[in-house]
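If you want the building blocks of each chain, they are given just below.
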Amino acid sequence: MKLSAFAIVASLVVALGLLVGPIFLSDYGRYILSMWIVMSIAAIGLNLTLGYAGQVSLAQGAFMGVGAYVSALMTIHGWPLPVAMLTSALVCLVLGWMLGYPALRVQHHYLAFVTLAFASLAFLIFRNEEWITGGVDGLANIPRPYFLWMATDGSLAFYYYCLGVLGLIALGYYGLVRSPWGRAFLALRENPVRAMSLGIDTRRYILVAFAIGSALGGVAGSLFAPLVQFVEPPAFAVDLSLKLLLMVIVGGSGFYFGPFLGALIAVLLPEWLRFTQGYYLMLYAFFVMLLLVISPSGILGIADKWITDRKTRVASAARAATASAFEETKQ
Amino acid sequence: MANLVNLIITGLATGAIYALVAIGFTLLWQTSQTINFAQGDFVMLPAFFMLPMLHAGVPYWLAILIGVILSMLILGYGYKKLLVDPIRKHGVLPLAIAGMALSIFMQEGVKNYTAEAHVFPALIPNLDFHIFGAVVSAQSIAVVVVALAVVIALQWLLNKTLVGHQMQATAQNSTVARLLGIPVERMVLYTFLINGALVAIASALVSPLIFAKFSTGNIMGMAAFTAAIVGGFNQVRGAIAGGLLLGVVNNIGSAYISAQYRDAIPLLLLILVILFRPQGLMGRAEERTV
Amino acid sequence: MKLLKFAGLMVAASGLASVAHAADKSPIAMQDIAELSGGGATVGTHWRDGIDLAIRDINKAGGVLGHPLTVVHADTASSAGTARALMLKAIDAKPYVILGPGYSGSVAVTGPMAAKAKIPEIMGGEAEGLTLKGNDYLFRTSFGQQSTMPKVAKFIQDHWKAKSVAVAYVNNDFGKDGKNEVEKDLKALGINVVADLPSEAGQVDFASDVSKIKAAKPDVLFIYDNEEESANMMKELGREGVKIPIMGETTIAGQKVIDLAGKDAEGIYCHVGLTTDADIPAIQKFRKEFVDAYHYVPDHNGMKGWLAVQLVKAVTEKMGKVDQADFAKTLHGMTISAKTDPGILMTVTYSKTGDLSRESFLVHVENGKQKIVQILPPLKN
């Protein structure tokens, strides 16, 4: 799969838009875009676990919660955000590795339920362990980070901070999916038995897929905390995990740009469907069902199929042309 | 001691509710590998078919009957034709995710109609029984009885009738079943219709105990999944065992361990069962299909 | 295509309408941030409908100083993160006032933002801490828990001479904060809390909670749960034949809970700040209009939405002009009489902190109806 010239140009245009566009946006627009970045990072993590390695997880929201709480607690106590973010990522990496163990034993819906149970348990811990998480009242007054010497209290400055983190992650993510690891993930998804027979240590890769995916959830959470400047248990209830799963599916699971697109739709959706008043969630749910009927690999799945079809048509047309030309020369 | 007995008996009564919801869930899985993530909402919805009729003065039995028929049409036939059939060929996971979307769709739909909790009239109102010092409402006993009756009927249907054998053959290997001349599609449709009827009956029985509200499906659904998995996903009787166990564990856990973590105890049970006995307490081991 | 044409017509019509208004009197724009989906959906729906009804009524009667009121509703999905986004958007729209949100966490996040933008925020939250942070722009529509719980504690002492109380509460910020507050107030009166009974939203089985009540043998049970859980708790108590005096705050004496709990709600006492069951003509008129418009009986949250808008009307008419800068200043220390402003339903006084005081009720449930047994005077600020 080579990047075509079109894709490169499109990526550059989008990158430029993300750099320059927010200067002209209101505080609200910048906040929404920052939220999109946070959700994209979490969805990228889930896309690695689900889209590439084929391991379903309904616990990504819980990892966001762990990341948010760890980094809220650390930054409130004066630690700089990058340290808190790395700590969040590390904690979630370890937790994700552990959550990967059930995946070694069970698959599909069983795995979905194990991870769902994990997410529900995490919510209960956030809510009940008041001595550390602040309980039902949550944690307030979470500071925004400094970049070098500059405070990022303003919406634009913090947006760029988030964008910087996203940039780094997008690069790492690109490298990862093209690395032997990424290919091993795909092999795992397509046919685990075959992958094993090819000498891929499937056990280790399943754990790695869970660990890295979860760590990215932690990073997303550690940006969520200073963005909202408030964390409370309901924010990380099971709903969030379901939402993130839908983002990955809608965008296109297993596609590099899938999580970006899925998160964009989910974050902007209430805005786009504002005219429908109370019906936006219903319409979204309807759209998701329709999409799954048409293409279970999401919007990018449709686009991909369309492009492949066109290429096939062009190729077969070319073949037909050469063939008829050949026929003509024969005559 | 009297206290413990009481907790167990009320727990069984609540567990029967979970069991009733879980039965259809396991049934769909068995015959068509469908995981219905919206099963809890399937039980929430029929109450709202019946309530307007009851308010309009339609006799109780007729309102329930029409509710059951509507439910078989919409949640049985409609669900299969519009959602399951087109998505099933993509695999188990897309269908599970579609179920999540369907759950949102149904909840939001009912919420836009009414966000209130509604009283739902009981089949047997205001009658309590004393059992070993515990007090259980007649409605709860009706739930237990119906849940047991449904399981027995389904076991009979699946194991003793031709249609049942055909359904099981379909479940075990639909390709071979088709080769043997079994009308596979019709068999699968039957199970969806049965589920449609079951959720409507469950709705009529359960709503007087938990009220009719758009959000009840969340709690019911989660409890039903847990019950089904703990009991055994591939056995209809597993749903009963799992449901009853869950109700009891929940009560005892919140009384003697922690009320703050009352929801955690069934979840831990779920995780342990999946890790160490994935076929469930009552289930047969399933060959691992890859 | 038909739909498109229709949409076009709508746009044209609204364009015409705004032109007409501009010539007449410009509308007073408000932004509402409410919990319209997620855990707070029922509360938020009542609040929204109360707002819409008040606006409809006021506009029908010629608006506020001739200006019609408008509102845009937005859904926080019961999340503080979304509430924060919507507050930014609301501020960008430069509204006259902001209505909502209802969840305490969302209010805690949005309150300082509205204050910074100097826009009055009239909200539905009841947690004690919200108005204690020196925010000059934040106003309640109901009592804070620090105003209600002392009354609850005092009644428990006076009426039952209780020495011990069990507290059942829904385990979220609303319930837990209320429980902490009432525990403090009870302790101050020398009453012990002997059983702490948290429940989950949507919980069905209350046998374990009732077993703890039976073990602790408190003199009184105080219930601070949502409607369905309150009703289920009382049903379980009734089923097990546990005779214990029950006290509640607002929720459990609502007609909804009485209907849900049936005979098991008989005899409970409850402190009620706002109730559509109060035998006050203005409240009954509000209730009737609400039921006619939305086909369900509003609870106190519906009244809160209605009152938020009526508050805007009363304050603006007192100022005699639409003046955002003076709004908060005017409302601080202001008393709005139900005689001159019938829409406000009950005479209310606002303090410097945005808290309010007005009469409240002690009700007793008899024969499936709440009956007011005592009218408590407003607290002095």
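Remember, it's a predicted structure, so these values are computed and weren't measured experimentally. (Residues numbered from 1 in each chain as written. Chains lettered and ligands numbered in written order. Predicted model: local features only at pLDDT ≥ 70, side-chain atom pairs only at ≥ 80, totals over all residues. Heavy atoms only, no water.)

Draft legend 1. Inspection of the overall build of chain A at higher detail. In terms of helices and strands, chain A carries 14 helices and four strands. Its C-alpha atoms give chain A a radius of gyration of 22 Å, near enough to 20 Å, the size a compact globule of 331 residues would have. Summarising its shape, the C-alpha atoms of chain A cover approximately 90 × 50 × 45 Å along the three principal directions. Taken over 331 residues, chain A has a buried fraction of 54%. Long-range pairs, those at least 24 residues apart, make up 78% of the contacts in chain A with a sequence separation of at least 6. Of the roughly 14,900 Å² that chain A leaves accessible, carbon and sulfur atoms contribute 71%. Chain A carries 19 positive and 14 negative side-chain charges, and their two centres are separated by 12 Å. (Helix = DSSP H or I, 4+ residues; strand = E, 2+ residues; numbered from the N terminus. Rg over C-alpha atoms; globule rule 2.2 N^0.38 Å. Buried < 20%, exposed > 50% of the residue type's maximum accessible area, 1.4 Å probe, protein only. Contact = heavy atoms within 4.5 Å. Areas by Shrake-Rupley, 256 points an atom, 1.4 Å probe, with all protein chains shown as cover. Lys, Arg positive; Asp, Glu negative; His and termini not counted. Charge placed at Lys NZ, Arg CZ, Asp CG, Glu CD.)

Draft legend 2. Fine view of the sheet that holds strand 4 (residues 121-123) of chain C. Residue and element names in this part refer to chain C. With respect to topology, five strands assemble into an open sheet ordered 2-1-3-4-5, the strand pairing being parallel. Of all strands in the sheet, those with a lone pairing partner are strand 2 (69-75) and strand 5 (138-140), marking the two edges. For this sheet, the mean angle separating the axes of adjacent strands, direction not counted, is 25 degrees. In this sheet, strand 2 lies alongside strand 1 (residues 28-34) in parallel orientation, the contact comprising seven bridges. When the sheet's bridge partners are listed, Ile 33 is paired in strand 2 with Ala 74. (Pairing = 2+ DSSP bridges. Axes fitted to C-alpha atoms, helices over the stretch in contact; angles between N-to-C directions.)

Draft legend 3. Local environment of helix 3 (residues 46-55) of chain B. All names here are of chain B. Among the ten residues that make up helix 3, eight are buried, leaving the element largely enclosed by the rest of the structure. Taken as a whole, helix 3 has its buried residues at Pro 46, Ala 47, Phe 48, Phe 49, Met 50, Leu 51, Met 53 and Leu 54. The secondary structure elements touched by the buried residues of helix 3 are helix 2 (39-44), helix 4 (60-88), helix 5 (92-113) and helix 9 (184-210). Among the residues trailing helix 3, Gly 57 stands out with phi positive, at a value near 90 degrees.

Draft legend 4. Local environment of unusual backbone geometry. Look at the link from Gly 100 of chain C to Pro 101 of chain C: it is a cis peptide, with omega at -10 degrees. Here Pro 101 of chain C is to be found in the loop between strand 3 (97-99) and helix 4 (104-116). With a phi angle near 55 degrees, Leu 148 of chain A is a residue other than glycine that sits in the positive phi range. Considering the arrangement of structural elements, one finds Leu 148 of chain A in the loop between strand 2 (146-147) and strand 3 (150-151). On the accessibility criterion, Leu 148 of chain A (63% relative accessible area) is exposed.

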